[in-house]
Amino acid sequence: MAEPEISVVVISHDMARELPRTVLSLSPGYQVDCPPGRCEVIVVDNGSAVSPQQEDLAAPGLTLSLHHQPQAGPSPVAAINLGLSLARGALVGVCIDGARLASPGLLAACARAARLHPRPVLATVNYHLGPAEQYLSMLDGYDQAEEDRLLASIDWPRGAARLREIATEVWHGGRDGPMLESNALFMPRALWDELGGYDARFVGPGGGGANIDMLHRACAAPGTQLIRIADEGTFHQLHGGALSNAPNRGMEAGKRLSAEYYRITGRPIRPIKDRGLLFEAGSGKLRQESGHG
Amino acid sequence: MSDDIAASRRIVQDWVVRYIAAVIDLAPEAVPLDTEFREIGVDSAEVVIMTGVMEEEFGFEIDAELPFRRATIAGLLDALQEAGLVAA
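Along each chain, the written sequence defines residue order, and numbers are assigned to residues from 1. Working convention: letters from A go to chains and numbers from 1 go to ligands, in the order in which they are written. Totals for whole chains, interfaces and linings use every residue, but because this is a predicted model, local features are given only for residues with pLDDT of at least 70 and side-chain atom pairs only at 80 or more, for both listing and counting. Calculated side-chain values reflect all of the structure's heavy atoms, with hydrogen atoms and water omitted.

For chain B, an unreviewed UniProt entry supplies the name Carrier domain-containing protein and the organism Teichococcus deserti.

Identification of chain A as Glycosyltransferase 2-like domain-containing protein from Teichococcus deserti is taken from an unreviewed UniProt entry.

(A) Highlighting the overall build of chain A. Note on conventions: DSSP H or I runs of at least 4 residues are helices, E runs of at least 2 residues are strands, and numbering of each starts at the N terminus. Within chain A, the regular secondary structure consists of 9 helices and 11 strands. Its C-alpha atoms give chain A a radius of gyration of 18 Å, within 12% of the compact-globule value 19 Å for 293 residues. Principal-axis analysis of the C-alpha atoms places the extent of chain A at approximately 45 × 40 × 40 Å. Total accessible area computed for chain A in this model is approximately 11900 Å², and 54% of it derives from carbon and sulfur atoms. Within this scheme the basic residues Lys and Arg register as positive and the acidic residues Asp and Glu register as negative, but His and the chain ends are omitted. Note on charges: their place is set at NZ of Lys, CZ of Arg, CG of Asp or CD of Glu. Put simply, chain A has 27 plus and 32 minus side-chain charges, and the middle of one group is 6 Å from the middle of the other. Computation of the radius of gyration draws on C-alpha atoms, with the globule rule given as 2.2 Å multiplied by the number of residues to the power 0.38. Here the accessible surface of atoms and residues is derived via Shrake-Rupley with a 1.4 Å probe, and residues count as covered only by protein chains that are part of the display.

(B) How the structure looks around the UniProt feature "domain: Glycosyltransferase 2-like" (unreviewed entry) in chain A. Following the UniProt record, the feature "domain: Glycosyltransferase 2-like" (unreviewed entry) maps to residues 7-127 of chain A here. Across residues 7-127 of chain A one finds 24% helix and 29% strand; the C-alpha atoms that close the span lie 22 Å apart. UniProt positions are given in the numbering used here, feature names are shortened, and annotations may be inferred rather than shown by experiment.

(C) Quick look at helix H3 (residues 77-86) of chain A. Residues and elements named next belong to chain A. Every buried residue belonging to H3 is among Val77, Ala79, Ile80, Gly83 and Leu84, and all of these are buried. Seen end-on, H3 carries its buried residues on one side only, within an arc spanning 160°. Whether two residues touch is decided by their heavy atoms; if any such pair falls within 4.5 Å, the residues are in contact. Here the buried face of H3 lies against strand E1 (6-12), strand E2 (39-45), strand E4 (91-95), helix H7 (189-195) and helix H8 (210-220). Only protein chains enter the accessibility calculation, which uses a 1.4 Å probe; a residue is then buried when its area is under 20% of its type maximum, exposed when over 50%, and partly exposed in between. Along the arc lie the directions from the helix axis toward the C-beta atoms.

(D) Broad picture of the nonpolar core. For our purposes a nonpolar core is just a set of buried Ala, Val, Leu, Ile, Met, Phe, Trp, Tyr and Cys residues, chained together by side-chain atoms within 4.5 Å. Of all hydrophobic cores here, the largest spans 65 residues; its most connected members are Tyr198 of chain A together with Ile20 and Met54 of chain B. Ranked by residues supplied to this core, first place goes to helix H1 (residues 9-24) of chain B with 8 residues. Contacts of Met54 of chain B, omitting those with residues within four sequence positions, involve Val12, Trp15, Val16, Gly59, Phe60, Ile62, Leu76 and Leu80 of chain B. Counting residues in each nonpolar core, the second largest holds 33 residues, with Met15, Val43, Ala102 and Leu122 of chain A among its members.

(E) Representation of the packing of H8 of chain A against helix H9 (residues 250-265) of chain A within the structure. Residue and element names in this part refer to chain A. Simply put, an axis is a line fit to the C-alpha atoms, just over the touching stretch for a helix, and the angle between two N-to-C directions goes from 0 to 180 degrees. Running from amino to carboxyl end, H8 crosses H9 at an angle of 40°, the nearest separation of the two axes being 10 Å. With respect to H9, the element H8 is oriented oblique. Contacts between H8 and H9 pair Ile212, Asp213 and His216 from the former with Leu257, Tyr261 and Thr265 from the latter. Residues that form the contact of H8 with H9 fall into these classes: 3 nonpolar, 2 polar and 1 charged. Comment on the angle field: the value is read as roughly parallel under 35 degrees, roughly antiparallel over 145, roughly perpendicular from 65 to 115, and oblique elsewhere. Residues were grouped as follows: Ala, Val, Leu, Ile, Met, Phe, Trp, Tyr, Cys and Pro as nonpolar; Asp, Glu, Lys and Arg as charged; and all remaining residues, including Gly, as polar.

(F) Structural view of the interface of chain A and chain B. Contacts between chain A and chain B engage 13 residues on the former and 18 residues on the latter. Joining two parts hides part of their accessible area as seen by a 1.4 Å probe, and the buried area is that hidden amount summed over both. It is Met251, Lys255 and Tyr262 of chain A in chain A that bury the most area against chain B; as a group they hold 42% of the surface buried on that side. By convention in these notes, a salt bridge is any Lys or Arg side-chain nitrogen within 4 Å of a carboxyl oxygen on Asp or Glu. For the pair chain A and chain B, the number of links is 4 salt bridges. Identification of polar contacts relies on pairs of N or O atoms within 3.5 Å, with a donor-acceptor requirement for protein atoms, meaning one able to donate a hydrogen and the other able to accept it, and with residues adjacent in sequence counted only if both atoms are side-chain atoms. On inspection of chain A and its partner chain B, the count reaches 5 residue pairs in polar contact (both at pLDDT 80 or more). When its residues are assigned to classes, the side of chain A that touches chain B shows 5 nonpolar, 3 polar and 5 charged.

(G) Structural view of the pattern of salt bridges. Counted according to the given criterion, the structure contains 28 salt bridges over all chains. One salt bridge in this structure joins Arg256 of chain A and Glu252 of chain A, with 3.1 Å as the shortest N-O distance. Remark: Glu252 of chain A and Arg256 of chain A occur in helix H9; sequence separation between them is 4 residues, near one turn of the helix. Between Glu61 of chain B and Arg256 of chain A there is a salt bridge whose closest N-O contact spans 4.0 Å. Separated into two different chains, Glu61 of chain B in the loop between helix H2 (44-58) and helix H3 (66-69) and Arg256 of chain A in helix H9 make up a pair that spans both. Residue Glu61 of chain B is classed as exposed on the basis of its relative accessible area, which comes to 55%. Via salt bridges that share partners, Arg17, Glu18, Arg21, Glu147 and Asp148 of chain A belong to a single interconnected network.

(H) Quick peek at the UniProt feature "domain: Carrier" (unreviewed entry) in chain B. Here, the residues flagged by UniProt with the feature "domain: Carrier" (unreviewed entry) are residues 7-84 of chain B. For the annotated span residues 7-84 of chain B, helix accounts for 58% and strand for 3% of the residues, and the straight-line distance between the end C-alpha atoms is 10 Å.

(I) Spotlight on the packing of aromatic side chains. Pairing of aromatic side chains requires ring centres within 6.5 Å, counting the rings of Phe and Tyr and the six-membered ring of Trp. Pairs whose planes differ by under 30 degrees are stacked, by over 60 edge-to-face, and all others tilted. All chains considered together, the criterion is met by 7 aromatic pairs over all chains. Taken together, the aromatic side chains of Trp15, Tyr19, Phe58 and Phe60 of chain B make up a single cluster linked through ring pairs. The rule for a charge over a ring is simple: NZ of Lys or CZ of Arg within 6 Å of the ring centre, and within 35 degrees of the ring normal. The ring of Tyr19 of chain B carries Arg270 of chain A above its face, with NZ or CZ at 5.1 Å from the centroid.

(J) Geometry of the confidence of the model for chain B. Here chain B averages 91 in pLDDT, while 94% of its residues score no lower than 70. pLDDT expresses how confident the predictor is about each individual residue, on a scale running from 0 to 100. The least confident element of chain B is strand E1 (residues 7-8) of chain B, whose mean pLDDT is 89; the most confident is helix H4 (residues 73-82) of chain B, at 96.

(K) Region of interest: the side chain of Ser7 of chain A. All names here are of chain A. Residue placement: Ser7 occurs in strand E1. On the basis of relative accessible area, Ser7 is assigned to the buried category, the value being 0%. Among the polar contacts listed, one links the side chain of Ser7 to the side chain of Glu40, at a separation of 2.5 Å. When sequence neighbours within four positions are dropped, the list of residues in contact with Ser7 reads Glu40, Ile42, Ala87, Arg88, Gly89, Leu91, Val92 and Gly93.

Structure representation (structure tokens):
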């Protein structure tokens, strides 16, 4: 079988409602400029009570492989690294949380941006479906039924280009501020290999600060360039995740994540000060970010 | 930091001041003790992050919501002292 240009590693855990939608959002019929064979999706299930089945995730033209992480723990890091070891594409993306729908231009934009630098670190936008960050909107009654109604209101998946109309951008320090993490992070496979994948010492629920650490290490590696992909990203579906859907335990979970991060790295969690370059899919060009940093 | 000996208030306060000074890019001596965290530019996420780091640094456990109920440096130190986690 010919090697795909792009591999996307998607991690799942008890996402029977969300995972099929996520996988569909990465399929050729949904992604623009992504004919069959250009991208493979590697789903690694990290210990779901009811394991997903290949037939539940099938989509026309999709190159999909489904794997199960042995001895799955609360952290997805080992599952991510298993997925990375299986990736065949020259460009590899990791979605640490498989409950996130991709924007329809995600793969094409990342592929185009990757050609503009020899060692790109491609960070995409994090969104939450709904009127606010979900740990807040849940307190006002936002639930899966409302989320389904919102998706129906834009005729998703046909109306996927309108996802941003029913979602909230989630930033650490504002849209123009420094980045903390990206939930769909793309890099050349050689760079993932060089960095050794995700740090297996992050054993906390949801991987704790592993995603933050990954972006920091990638940006600190010699010769790399952070490239933020404007307006393309992933949209979090409500599923009871470790942090995004933890309204009453979010502070405690955040505190534990912070403590683990400090214990492992010896540094407090900080966003990436260098805001890098911005790739705009419309023009296909990179531009230097301006403003505070 | 030993689990058996509570850190002195002065040591913990100096640490918090230096930590916040680094976050908001201010000289430590300019960090006010009696102004709420959010008013000096430390948002809720930063407060949560600081709380986790404090636990690791000093070896005690803090209720994650405490810095929101006692939302100044002085107030937080008072609460830690009342709980016996720092010594006068």
